[in-house]
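Now for the letters of each chain:
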Amino acid sequence: MKKIIVFASGSGTNAENIIKYFAKTKIAKVVSVFTNNASAKVIERAKNHQIPTEIFSKNELLESNLLQKIQEIDPDMIVLAGFLLKFPDHIIERYPNKIINIHPALLPNYGGKGMYGMHIHRAIVNNKEKETGISIHYVNEHYDEGGIIFQKNVALTEEDTPETVAEKIHELEQKYFPEIISRLLED
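In this text the structure is predicted, and so the values were computed from the model without any measurement. (Residues numbered from 1 in each chain as written. Predicted model: local features only at pLDDT ≥ 70, side-chain atom pairs only at ≥ 80, totals over all residues. Heavy atoms only, no water.)

**Digging into the pairing of strand β1 (residues 2–8)**
So, point 1. Among the seven residues of β1, five are classified as buried, and the element is accordingly described as predominantly covered.
So, point 2. For β1 and strand β2 (residues 28–35), the ladder comprises seven bridges, and the chain directions are parallel. Paired with Ile4 across the bridge in β2 is Val30.
So, point 3. Taken together, β1, helix α1 (residues 13–23) and β2 constitute a β-α-β crossover, and its handedness is right-handed.
So, point 4. Of the pairings in the sheet, the one linking β1 to strand β4 (residues 77–80) comprises four bridges and is parallel in character. Within the sheet, the bridge partner assigned to Ile4 lies in β4 and is Met77. (Buried < 20%, exposed > 50% of the residue type's maximum accessible area, 1.4 Å probe, protein only. Helix = DSSP H or I, 4+ residues; strand = E, 2+ residues; numbered from the N terminus. Pairing = 2+ DSSP bridges. Right-handed = clockwise from strand over helix to strand, strands pointing away.)

**Some words on the sheet that holds strand β6 (residues 131–138)**
So, point 1. Sheet architecture is open: seven strands sit in the order β3-β2-β1-β4-β5-β6-β7, paired in mixed fashion. Unpaired on one side and paired on the other, β3 (53–55) and β7 (148–155) mark the two borders of the sheet. The average angle at which neighbouring strand axes cross in this sheet is 20 degrees, direction not considered.
So, point 2. Sheet analysis places β2 next to β3, joined by three bridges and oriented parallel. Paired with Phe34 across the bridge in β3 is Glu54.
So, point 3. Its contacts with the sheet place helix α7 (residues 162–186) against β1, β2, β4, β5 (99–103), β6 and β7, and it is angled at close to 30 degrees to β6. (Axes fitted to C-alpha atoms, helices over the stretch in contact; angles between N-to-C directions. Contact = heavy atoms within 4.5 Å.)

**Quick look at the layout of surface pockets**
So, point 1. Of the voids in this model, the largest pocket is the one considered here, and its volume is about 780 Å³.
So, point 2. Along its surface, the largest pocket is lined by 38 residues, and Gly82, Phe83, Leu84, Tyr116 and Gly117 are the ones closest to its centre.
So, point 3. Looking at the lining of the largest pocket, the elements that each hand over two or more residues are α1, β5, α6 (117–126) and α7.
So, point 4. Top contributing element to the lining of the largest pocket by residue count: α7, with four residues.
So, point 5. Within this model, the second largest pocket holds a volume of roughly 190 Å³.
So, point 6. As for the second largest pocket, its lining consists of Ile124, Val125, Lys128, Glu129, Lys130, Leu156, Thr157, Glu158 and Asp160.
So, point 7. Looking at the lining of the second largest pocket, its residues break down into three nonpolar, one polar and five charged. (1 Å grid on protein atoms, 1.4 Å probe; cavity = no way out; pocket = protein on both sides within 12 Å on 5 of 7 lines; lining within 4 Å. Points joined across faces, edges and corners; volume = space filled by probe spheres on them. Nonpolar A, V, L, I, M, F, W, Y, C, P; charged D, E, K, R; others polar.)

**Some words on helix α2 (residues 41–48)**
So, point 1. The complete set of buried residues in α2 reads Val42, Ile43, Arg45 and Ala46. What you see down the axis of α2 is that its buried residues fit within an arc of 165 degrees, all on one side. Looking at α2, the residues exposed on the side facing more than 90 degrees away from the buried face are Lys47 and Asn48.
So, point 2. The positive-phi residue at the C-terminal boundary of α2 is Gln50, with phi of around 55 degrees. (Arc of directions from axis to C-beta.)

Everything listed here is a matter of coordinates, which is why it stays silent on function.
See the structure below:
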């Protein structure tokens, strides 16, 4: 069975969805959740599913001891699910094309540093976009610039607010993220 590590910084709804999805398969299992936020709800969600968590600081992310912990697990894939820090080059180099991220917009639009969550949804509404969506992509040394694996769009209306856009995006994330992870692990 293949091993997945999930990195998350916040509530962990996508992380929990991935945990639940793979608990029902023989393809892979989430073996650990790593977070840079000691008060993140993802910790509680992981514990509810008996998934070990690793809490680290931004400085520890940049040091080699976190890489060593990852290497001890020997994951087949590292999934960033609402992880807000830039992923360090030394980990990316060690796991080429094995680190993926989900972005709540259709890249290359609305990507880059500081573009996450409600910041994106507000910008999309303010710019009167007719559609938005999700992008699942490989992680490289630049924010949101790795090769795109999958995109799914959703239509917007003039009545949409940042909150309704967030709901539409969340539905896409919940449906497609685990499926794409599964497909990548089966290849």
